[in-house]
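# Architecture at a glance
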Number of protein chains: 2
Amino acid sequence: MDKFRTLLKNISPITDKEFADTISYFKELVLKKNEFFVEQGKVCRQIAFIKKGTLRTYYINDKAVETTSCFCTENNLTTSYKSFILQQPSTLILQAIEETHLLVIDYNSLQKLYSESSAWQTVGRAVAEREYIVMEQYASVLNNETAKEKYLRLLNEQPNVLQKADIEDIASYLGVTRRTLSRIRREISK
Amino acid sequence: MDKFRTLLKNISPITDKEFADTISYFKELVLKKNEFFVEQGKVCRQIAFIKKGTLRTYYINDKAVETTSCFCTENNLTTSYKSFILQQPSTLILQAIEETHLLVIDYNSLQKLYSESSAWQTVGRAVAEREYIVMEQYASVLNNETAKEKYLRLLNEQPNVLQKADIEDIASYLGVTRRTLSRIRREISK
DNA sequence: ACGATATGAGGACATTTGTCCTTTCCGAAG
DNA sequence: CTTCGGAAAGGACAAATGTCCTCATATCGT
C-alpha cells in the first residue's frame, strides 16, 4: 500500500486525507499463474496496481500472430487502457505469467472519484498523460530498436522477465520469430 | 473556428459560454511550406488545431535514420505532446509540407484554463486519453501492418498526402527504404 | 528553350529474416 | 539410472529487404 501511495505522489500531488478518504474504493485481487486479468473481447473494467508478480500484455491480430507489447512488473499500474477509457471490448489480453497480487479500482468508482474530487480529476489527467508517454516510448522503441537491441534492453531492465517468460513470448515481444531470437542469443553469447 | 468548436464538442461536453469565454486564449498562426511548428531540441509550447494544410511529424534517431510518425491534416489537433506535457525539449519535429493555417494555445494559457475551469480540466483529460488512443493505434499499426498495407491505408485514408509528401518522407512513414517503396508501388500498379 | 539539379524507378548483389525441419538439451516420472 | 516429452537450438533453403548504383524524367532559374 505504501508503494502505491508513493506512486500516486509521483504522478500528481494528492493529500494524505484525499488518499485516505478514497482508498476504500480499491480492492485486493490475486491471480494464479496463467490466469487472466483482462480477456480478449471483454470490457476491461479495472485499473490495477501490481503489488507483486508479472503480467504479460499481448494480443492476437487478424493474421493470428501474437504480439507481446509489455511485461508489467511490480509497483506499476496496468490495465487495458483503451478498453477501460472507452468501456469497449478489449483487443489486449493481460495474463499473469506467475502468481500476481493486485490492488484494483473499477471504472465506476473512478468516475465517482473524478466527479467528487478535483484532485482525482487531476490524477486522472496525469495518469492519461503518463500512459500516453509510455505508449509514445513504446512506439519509439518499435521504430528505432532492432530485435537485438530490444533483447539487450530487456536483459538490462527486466532480467527476471527473461527467466519467467518463455521463448515464444519473448520472441513475440521482440517482434521476430523464435528462429531469429535463437540467432540473437547465439550472437550475444559470442 | 466552427470546425474547432465541433472538434471540442466531440472530445468533451463544453458549453457555448465556456467556449466563448476562453476563445481569446487561442491565436492564429500561419506556416509557409517547410517552416517548422516544432523544432528538434526545443520545448514545444503550443497545441495547434489545423485549420488548413498538412504537418509532417518526424524525428531523427541516434543512427541518423529519419522516421515519419504521421501526416496531420486539417481539422485535427497536433503538437509534440510529450514535450508539451513535460515542457521538455522535443525529440519530434513538426514541419509544414505545404502552407498551413493553425489555431494555437500556449502551455501557460492552458494551465490557466485548467485551474479556472473544471470543464477545461475535463477537456484536458479527454485530450490526453484521445492522444493515448491515437498512439496505441499507431503502435498497433507498427506491430501489425506490413509496409504495403500501410501504403494502401494511406492511399485510402489520406490520398492527398501521397501527392504532397515526397517519396523519402513516405518511405520513412512506412518504415522502409525508398527502394522497398518503389517495389511496393510497382506491385500495386500490377 | 536550355542545361543544371533534384526526384523517382529500378537493376544487381548482399544481408537479414522467415519457414520448415531435425537435433540437442533438460527435467520429470518410472 | 533410464527413458520420455517438451522446450530451445540450429541447419538448409526461400523470401524479403537493404545497399549501392545507374538511368530516366521532371522541375527550376536564367
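An account of the accompanying structure is given in this report. These numbers come from a predicted model, not from an experiment. The residue count restarts for each chain, going from 1 along the sequence in the order it is written. Written order decides the labels, with chains lettered from A and ligands numbered from 1. In keeping with the model being predicted, local features are shown solely for residues with a pLDDT of at least 70 and side-chain atom pairs are shown and tallied solely at 80 or more, while totals for entire chains, interfaces and linings include all residues. Hydrogen atoms and water are omitted, and side-chain values are computed over all heavy atoms in the structure.

### Digging into the overall build of chain A
For helices the rule is a DSSP run of H or I covering at least 4 residues; for strands it is a run of E covering at least 2, with both sets numbered from the N terminus onward. A count of helical and extended segments in chain A gives nine helices and eight strands. Over its C-alpha atoms, taken along the principal directions, chain A stretches across nearly 55 × 30 × 30 Å. In this scheme, a residue with accessible area under 20% of its type's maximum is buried, one over 50% is exposed, and one in between is partly exposed, where area comes from a 1.4 Å probe on protein chains only. Taken over 190 residues, chain A has a buried fraction of 50%. Whether two residues touch is decided by their heavy atoms; if any such pair falls within 4.5 Å, the residues are in contact. Residue pairs at least 24 apart in sequence account for 70% of intrachain contacts in chain A once pairs closer than 6 positions are excluded. Each accessible area is a Shrake-Rupley result for a 1.4 Å probe, and residues are judged covered by the shown protein chains and nothing else. A total of about 9700 Å² of accessible surface is found on chain A, and carbon and sulfur atoms cover 50% of it.

### Structural notes on the pattern of salt bridges
Each reported salt bridge corresponds to a side-chain nitrogen of Lys or Arg within 4 Å of a carboxyl oxygen of Asp or Glu. Throughout the structure, instances matching the rule amount to 28 salt bridges over all chains. Across the pair Glu149(A) and Lys63(B) runs a salt bridge whose closest N-O atoms are separated by 2.9 Å. Linking Glu149(A) in helix H6 (residues 147–157) with Lys63(B) in the loop between strand E4 (55–60) and strand E5 (66–72), this pair reaches from one chain into another. Look at Glu149(A) and you get partly exposed, because its relative accessible area is 31%.

### So, the sheet that holds strand E6 (residues 77–78) of chain B
Residues and elements named next belong to chain B. DSSP-based pairing: two strands are paired if at least 2 bridges between them are found. With antiparallel pairing, four strands are arranged side by side in an open sheet as E1-E8-E3-E6. The sheet terminates laterally at strand E1 (27–31) and E6, the two strands that pair on one side only. In this sheet, strand E8 (residues 100–106) lies alongside E1 in antiparallel orientation, the contact comprising five bridges. Each bridged residue has a counterpart across the sheet, and for leucine 29 the counterpart in E8 is leucine 102.

### Let's talk about the packing of aromatic side chains
All names here are of chain A. Pairing of aromatic rings covers Phe, Tyr and the six-membered ring of Trp, with a centre-to-centre limit of 6.5 Å; geometry is then stacked below 30 degrees between planes, edge-to-face above 60, and tilted otherwise. Summed over all chains, the structure comprises 14 aromatic pairs over all chains. Consider the rings of phenylalanine 71 and tyrosine 173, whose centres lie 5.4 Å apart with planes at 50°: the pair is tilted. Here phenylalanine 71, found in strand E5 (residues 66–73), pairs with tyrosine 173, found in helix H8 (residues 167–174); they are 102 residues apart in sequence, far enough to count as distant. A single burial state applies to phenylalanine 71 and to tyrosine 173, both of which are buried. Centroid distance phenylalanine 84 to tyrosine 107: 5.2 Å. Interplanar angle 75°. Geometry classified as edge-to-face. A residue pair is termed long-range when its members are at least 10 positions apart, and phenylalanine 84 in helix H3 (residues 81–86) and tyrosine 107 in helix H4 (residues 107–116) qualify at 23 residues. The class of phenylalanine 84 is buried, set by a relative accessible area of 4%. Here the aromatic residues Phe4, Phe19, Phe26, Phe49 and Trp120 are joined through ring pairs into a cluster of three or more. One cation-aromatic arrangement involves arginine 56 over tyrosine 58; the distance from NZ or CZ to the ring centre is 3.7 Å. A ring has a charge above it when a Lys NZ or an Arg CZ is no more than 6 Å from the ring centre and no more than 35 degrees off the ring normal.

### Things to note about the interface of chain A and chain B
Facing the 30 residues of chain A at the interface are 30 residues of chain B. When chain A packs against chain B, close to 3000 Å² is buried across both sides, 57% of that on carbon and sulfur atoms. Take the accessible area each of two parts loses on contact, using a 1.4 Å probe, and add the two losses: that sum is the buried area. The three residues of chain A that bury the most area against chain B are Arg125(A), Tyr132(A) and Met135(A), which together make up 22% of that side's buried surface. Counting the contacts that link chain A with chain B gives two salt bridges. Within the residue set of the side of chain A that touches chain B, elements represented by two or more residues are H3 and helix H5 (118–144) of chain A. Tallying contributions element by element places H5(A) first for the side of chain A that touches chain B, with 18 residues.

### With respect to the environment of Ala126(A)
Residue and element names in this part refer to chain A. By secondary structure assignment, the location of alanine 126 is in helix H5. Between the C-alpha atom of alanine 126 and that of threonine 6, which follows or precedes it by 120 residues, the distance is 15 Å. Excluding residues within four positions of it along the chain, alanine 126 makes contact with Ile11 and Ser12.

### Notes on the relation of the copies chain A and chain B
If you rotate chain A by 180° and push it 0.0 Å along the axis, it lands on chain B with an RMSD of 0.1 Å. Taken together, the rotation and translation describe the operation of a two-fold axis. Looking at chain A, 100% of its interface residues are interface residues in chain B too, so the copies touch through the same face. The atoms used to superpose the copies are C-alpha atoms, taken from residues with pLDDT of at least 70 in both, and the fit is least squares.

### Considerations on the protein's contact with DNA strand C
Close to DNA strand C lie Val176(A), Thr177(A), Arg179(A), Thr180(A), Arg183(A), Asp166(B), Ile167(B), Arg179(B), Ser182(B), Arg185(B) and Arg186(B), which account for all nearby residues. The criterion for a residue being near a molecule or strand is simple. One of its heavy atoms has to lie within 4 Å of it. When the atoms of DNA strand C within 4 Å of the protein are sorted by group, sugar and phosphate make up 51%. For the surface near DNA strand C, the secondary structure elements donating two or more residues are helix H9 (178–188) of chain A together with helix H9 (178–188) of chain B. When residues in the surface near DNA strand C are grouped by element, the largest group, four residues, is from H9(B). As a working rule, the residues Ala, Val, Leu, Ile, Met, Phe, Trp, Tyr, Cys and Pro are called nonpolar, Asp, Glu, Lys and Arg charged, and the rest polar, with Gly in that last group. Grouping the constituent residues of the surface near DNA strand C by class yields two nonpolar, three polar and six charged.

### A look at the protein's contact with DNA strand D
Surveying the vicinity of DNA strand D reveals the residues Asp166(A), Ile167(A), Arg179(A), Ser182(A), Arg185(A), Arg186(A), Val176(B), Thr177(B), Arg179(B), Thr180(B) and Arg183(B). Counting only the atoms of DNA strand D within 4 Å of the protein, the fraction contributed by sugar and phosphate is 51%. Each polar contact in these results corresponds to two N or O atoms within 3.5 Å; when the atoms are within protein, one needs to be able to donate a hydrogen and the other to accept it, and residues that are neighboring in sequence are counted only if both atoms are side-chain atoms. Separating a phosphate oxygen of DNA strand D from a backbone N or O atom of Ile167(A) is a distance of 3.4 Å. A distance of 3.4 Å is found between a phosphate oxygen of DNA strand D and a side-chain nitrogen or oxygen belonging to Arg185(A). When residues of the surface near DNA strand D are traced back to their parent elements, those giving at least two are H9 of chain A together with H9 of chain B.

### So, H9(B)
Residues and elements named next belong to chain B. Of the residues making up H9, those classed as buried are Leu181, Ile184 and Ile188. Buried residues of H9 fall within an arc of 55° about the axis and therefore sit on the same side. On its buried side, H9 packs onto helix H6 (147–157) and helix H8 (167–174). The directions considered for the arc are those from the helix axis to the C-beta atoms.

### Some remarks on unusual backbone geometry
Residues and elements named next belong to chain A. The backbone of glutamine 87 shows a phi angle near 50°, a positive value even though the residue is not glycine. Here glutamine 87 is to be found in the loop between H3 and strand E7 (93–96). For glutamine 87, a relative accessible area of 22% gives the class partly exposed.

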